[in-house]
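# Topology and contacts: notes
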Amino acid sequence: MSAGWRTLLLRIGDRCPEYGGSADHKEHIETCYGMISREYEHSREAIFEQFLLQCAEQLPHKIPFFGVLIGLINLENEDFAKDIVDTTQAKLQDALHNENRDRIRILLRFLSGLMCSKVVVPNSIIETFETLLSSAATILDEETGNPSWQPRADFYVYCILASLPWGGPELFEQVPDEFERVLVGIQSYISIRRHFDDIAFSVFETDEGHSPNKKDFMEDLWERIQILSRSGWKAKSVPKPHLPFEAQLVAGKSHRLSLISCPPPNLTLTSSEILRGQEKHEADLKYPQRLRRLHIFPTNQAENMQPVDRFVVEECILDVLLFFNGCRKECAFYLVSLPVSFRYEYLMAETIFSQLLLLPNPPFRPIYYTLVIIDLCKALPGAFPSVVVGAVHALFDRISNMDMECRTRLILWFSHHLSNFQFIWPWQEWSYVKDLPKWAPQRVFVQEVLEREIRLSYFEKIKQSIEDAAELEELLPPKAGPNFKFLSDESTENTDGHKLSKELVAMVRGKKNVRDIILWVEEHVIPTNGAEFALDVVSQTLLDIGSKSFTHLITVLERYGQIISKLCPNEEMQLLLMDEVSAYWKNSTQMTAIAIDRMMGYRLISNLAIVKWGFSPANVEQFHVSDRPWEILRNAVSKTYNRISDLRKEIQSLKKGLQVAKEVSAKAIKELEEAKSVLEIVEGQPAPAERPGRLRRLQVHADKAKEEEVTTEESLEAKGALLARALEENKELLKLLFKRFVDVLTERLPAVSADGEIPNLRAGYQNVNFASQDLETATMEIDNENGADKNSEPNGQNTKNDYNVGELEQWCLCTLGYLKSFSRQYATEIWSHIAMLDEEVFVGDIHPLIRKAAFSGLCRFTNEGSQL
C-alpha cells in the first residue's frame, strides 16, 4: 500500500470517530466521501478489501455510516458497489459454512445498512431472512432435522431479529407484505422452539429463575422487536445518516444479492440420551448465548430507554469489546463515543459486568474487562466511577445470592480495580460486616478482597487504606511470613529436629549433591526417627531456604525436588507433605497455593492427592469461610485439564508436521530414484548418467527427510501415549472429585421430607430438618446470615440485620455452589465420562440437591439435570 493511501486511511480514521452523539453526520460523511472519491480509482483494491469492508466488520456500530459512503460511491461507480455486495454475500456464505457467528451477525447488519442506502434490493434481504428461517425450522423438525442443534436455529433467528432495528423501517416501508411474512415466520418459530431455562447459568441463585413465565433470551428479544413494530419501527439508538442523502441515493442502482444456503442439519440416528446430550452440548458450545443481563441498577436509577434501544446499545458495546480486545485504550475510546443521542453509562456498566460474570466462562480473560473498566473511569472521570461504585454496592448487597464462581471473579476484579486507584474505597460503609458471623457472605467477601489486595501490595499499605474503618482490621489476614517449625532459639535448638535441620542447611550451603543428601536422609534420619519425621524436617527446611521469593522456591524445588520425591512415594506421604506446606505458610494463602501448585508441576504431588487433601476435615471446615482450599483445588483441576489441552494442540501440530515430512520424504526419494534411473553406456555397461556428487547429495537429502519423518512419527506416538495417560488421570481425578463432593455433602445436607419435598436451604434453618447429623455437626453455630433470598432486595434495600440462614445451611450452599462451578467448567469432560460417573459415583439414593448441582453444567440439555 502506498504512503499516500496510508495517509488517507489515517485521515479518514481521524474523521470516523467523530461520527457519534449529536455530531453532524452529513458533514463527516461528505468529508470522508470526498477523500475516498479522489483515491478509489487508483486504489480500488485497497479500499475494497482493506478499508470499507474491514471497517464495516470491525466497527459494526458505524455500519450506517459506511453504508451511506458505499451508497454515494454507487452513484458514481455501480460496478464497484456491485463488487462490494457480491463479496459481502460470498463472505456471508463462507461464514455460514464455517460457523463464524460474529461475521454472520455483522454481515447481516451490514447488508441491512446497504439496503437503507439503496445499494441492495429489499427483496434480497427478505430472501436471505427466509432462507435462515427455513433452515432454523428444518433443524427443529424431528424427521428432517436434529432438535439437539436448536442453539444453531436460535442463532439464525437471533441474527434476523438483531438486524431489524437497523433495516426494519426500510423493509416495512418498501416491502410491507413480504416483511410481514418474515415476522409471521419468526412468530411461528418462537412458538415451536423449546424454551431455554438457564437457571444453572444465572449469576444470582433465586427461586425466580424457576418461574415458568420467565422469558428466555430469544423470547425476550422477540418481545422487544414486537414493541418496536408497534411503535412504527422508530429506534432512537439507531442512527439514520442516509436520510439527508436520500434524494441522491435513490438515483443509484440497487443490486440483487445472490441466494445463500445454510449448512444442512447434523442428522443423528442414535436414540441414546447420553449421545444426544453430547450433541446438544457441542451445539451450545458452538452457538452460546451472547449475553445474560444482570439488571444491577434499579429502574429509577439507570437510564430510561426503550427495550429495543437497550438491546441495540448492548449489541454495540459487545461489538466494541469483541473487536478491540487486546486494545484496551481504543476499546474505552469507542465505548464512550457510540453514535447515540442519550447517556448510557449505567447500561455500559451492566453490560461489561454481565460479560465479566458470564457463566460458564466470560468471552475474554477477566483481566481484559478489568482494564477496560479502569480506562473508562479515566475517560469519564465525572460519570463512570460513580456508576462503578453503585454497581459494586448493588452486587455487594446481593452477594449472598450470587453464584460462587461469580463471587470469586468479583473478588478478583474488585481487588485489582482498587489497586489501580490507590486502594481508596469507603470501607466505613461496610464496617458493620465485622459484627456478622464469620461465615456470612458479605463478611467473607470483604475478608477475601482485603487478602487479595495484600497480594497486590503489602500489609501495611492495606491496613492504612482501611484506617477510616478500623473495625475491619480484624478481617485482615495475618501478616505474611513463614512459620518455620525448626527456627532456632534457646529453648528448642537442642531438639533432634533442630539439629537435623541445621545439618541439612549446612549441606545445601555446602553445595552437596542431591544423591549425598538422599543418602544422609536414608542412613541418618529415617532409621532413627522414621519417614514422617524425615519428611517434616526436609520439607520445612527446604521451604525455609526457598521462602525469600517465588524464584527462590522454584530454584529449591528444581534442585532438591528429588529428595522430596524420594520421601513421598505414595499419596499418604504426599498428604503429609501438603500439611507441612500449609503449616509453614499458614499466614500466606498465596504462598501455600503457589507451593502446592509448583510441587504438582514437578510431579512431587499428584492431582489425586491434592483433591484428597482439599477434602480433608480441616479444609472442609473452611469451605464457607475462606477461598484457601478452593483456590488449591481449582489450580489442580485446571492444570490437569490444561495439560490435556496442550497435548492435543501438540498432537495436532505434529500430525500436520508428519504430513509435511512424508511429502518432503516422498519427493526426495522420487528425485533420487529418477536421478538413478537415468543411465548411459560406459565401456559397454549401463551406468548412472548423473554426476556422483549430485547422487550423493540427493541420497543424503533423502536420508535426512526419511529420518525427519521417522522422528516426527515417534514424537507423535510418544505424545499420543502421554495424552492417553493424561486422559486416564483426568478420568480418575473427575471421579474422585465428584465422589468427595458427594461424601461431604451427604453427611451434612438435610434429608428429603417423607412426602418427597426437597429442602430449601435459603428458607432458614427453622424450616430444615437435620435429622441425620452427628453431634459435632448438629452443634455448629446457628446464627442468622445476611441476604436470604426472600428478603434480599435487588436494589440493595435489605438491612444489615436481615439474616436468616444458619451456618450449616451456608456451608451447604457454598459447597453446592462450588460443585456447580466445577460441573459447568468441565461439562465436556463430564459428558465424556458420564456413564462411569453414573455407575461409580452417582449410585444409590443420591440427594437431589447433589445431583442437581453436579449436573448443572448439563441441566440446560435435560429436563431437570437429574436424569441423563
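Attention in this report is confined to the structure presented alongside it. Given the structure is predicted, the values throughout are model-derived calculations rather than measurements. (Residues numbered from 1 in each chain as written. Predicted model: local features only at pLDDT ≥ 70, side-chain atom pairs only at ≥ 80, totals over all residues. Heavy atoms only, no water.)

## Regarding the overall build of the protein
Of the regular secondary structure elements, the protein holds 35 helices and 2 strands. Taken over 868 residues, the protein has a buried fraction of 54%. In the protein, the proportion of contacts linking residues at least 24 apart, taken out of those at least 6 apart, comes to 76%. A total of about 38,800 Å² of accessible surface is found on the protein, and carbon and sulfur atoms cover 49% of it. (Helix = DSSP H or I, 4+ residues; strand = E, 2+ residues; numbered from the N terminus. Buried < 20%, exposed > 50% of the residue type's maximum accessible area, 1.4 Å probe, protein only. Contact = heavy atoms within 4.5 Å. Areas by Shrake-Rupley, 256 points an atom, 1.4 Å probe, with all protein chains shown as cover.)

## Focus: the environment of leucine 577
In this fold, leucine 577 is placed in helix 25 (residues 571–584). Each C-alpha atom of the pair leucine 577 and methionine 599 lies 9.9 Å from the other, and the pair is 22 residues apart in sequence. Residues within four places of leucine 577 in sequence aside, it is in contact with Leu535, Ser539, Ile564, Cys568, Met599 and Ile605.

## Observations concerning the pattern of salt bridges
When the charged atoms of two side chains with opposite charge come close together, those side chains can pair. Inspection of the entire model under this criterion finds 52 salt bridges. Between glutamate 282 and lysine 286 there is a salt bridge, with the nearest N and O atoms lying 3.7 Å from each other. Here lysine 286 and glutamate 282 lie together in helix 12 (residues 273–286), a separation of 4 residues that amounts to about one turn. Lysine 735 serves as the salt-bridge partner of glutamate 840, at 2.8 Å between the closest nitrogen and oxygen. On the criterion of sequence distance, the pair formed by glutamate 840 in helix 34 (residues 834–840) and lysine 735 in helix 30 (residues 692–748) is long-range, its members being 105 residues apart. Within the structure, one salt-bridge network assembled from shared partners comprises Asp102, Arg105, Arg109, Arg290, Glu315 and Asp319. (Salt bridge = Lys/Arg side-chain N within 4 Å of Asp/Glu carboxyl O.)

## Concerning unusual backbone geometry
Look at the link from leucine 359 to proline 360: it is a cis peptide, with omega at 5 degrees. Here proline 360 lies in the loop between helix 15 (345–356) and helix 16 (366–379). For tryptophan 233, which is not a glycine, the phi torsion comes out positive at approximately 60 degrees. For histidine 295, which is not glycine, the phi dihedral falls at a positive 55 degrees. If you trace the backbone, histidine 295 turns up in the loop between helix 12 and helix 13 (307–323).

## Considerations on the packing of helix 5 (residues 78–98) against helix 6 (residues 101–116)
In a pair of packed helices, the angle between the axes and the distance between the axes together describe the arrangement. Packing of helix 5 against helix 6 leaves a shortest axis separation of 9 Å and a crossing angle of 155 degrees. When the axes of helix 5 and helix 6 are compared, the pair comes out roughly antiparallel. Crossing of helix 5 against helix 6: the hand is left-handed. Facing Ile84, Val85, Thr88, Lys91, Leu92, Ala95 and Leu96 of helix 5, the residues of helix 6 in contact are Arg103, Ile104, Leu107, Leu108, Phe110, Leu111 and Leu114. By residue class, the composition of the contact of helix 5 with helix 6 is 11 nonpolar, 1 polar and 2 charged. (Axes fitted to C-alpha atoms, helices over the stretch in contact; angles between N-to-C directions. Parallel < 35°, antiparallel > 145°, perpendicular 65-115°, else oblique. Left-handed = near helix turned anticlockwise from the far one by under 90°. Nonpolar A, V, L, I, M, F, W, Y, C, P; charged D, E, K, R; others polar.)

## Some details on the packing of aromatic side chains
A ring pair, where both rings are aromatic, is described by two values, the distance of the centres and the angle of the planes. Inspection of every chain in the model, using the stated rule, returns 36 aromatic pairs. Taken together, a centroid distance of 5.7 Å and an interplanar angle of 55 degrees make the contact between phenylalanine 396 and phenylalanine 445 tilted. Of this pair, phenylalanine 396 sits in helix 17 (residues 384–397) while phenylalanine 445 sits in helix 19 (residues 441–456), and the two are 49 residues apart along the sequence. Of the two residues examined, phenylalanine 396 and phenylalanine 445, each falls in the buried class. On the numbers, 5.1 Å between centres and 85 degrees between planes, the contact of tyrosine 584 with tryptophan 585 is edge-to-face. (Phe/Tyr/Trp six-rings, centres within 6.5 Å; stacked < 30°, edge-to-face > 60°.)

## Side note on the packing of helix 14 (residues 328–335) against helix 16
Contact pair helix 14 / helix 16: the axes reach a minimum separation of 9 Å and the direction vectors enclose 55 degrees. One element, helix 14, and the other, helix 16, form an angle in the oblique class. Crossing geometry of helix 14 relative to helix 16 is assigned as right-handed. On helix 16, the residues that touch Arg328, Lys329, Cys331, Ala332 and Leu335 of helix 14 are Tyr368, Leu371, Val372, Asp375 and Leu376. Each residue belonging to the contact of helix 14 with helix 16 can be placed in one class, and the counts come to 7 nonpolar, no polar and 3 charged.

This is a description of form; function is not addressed.
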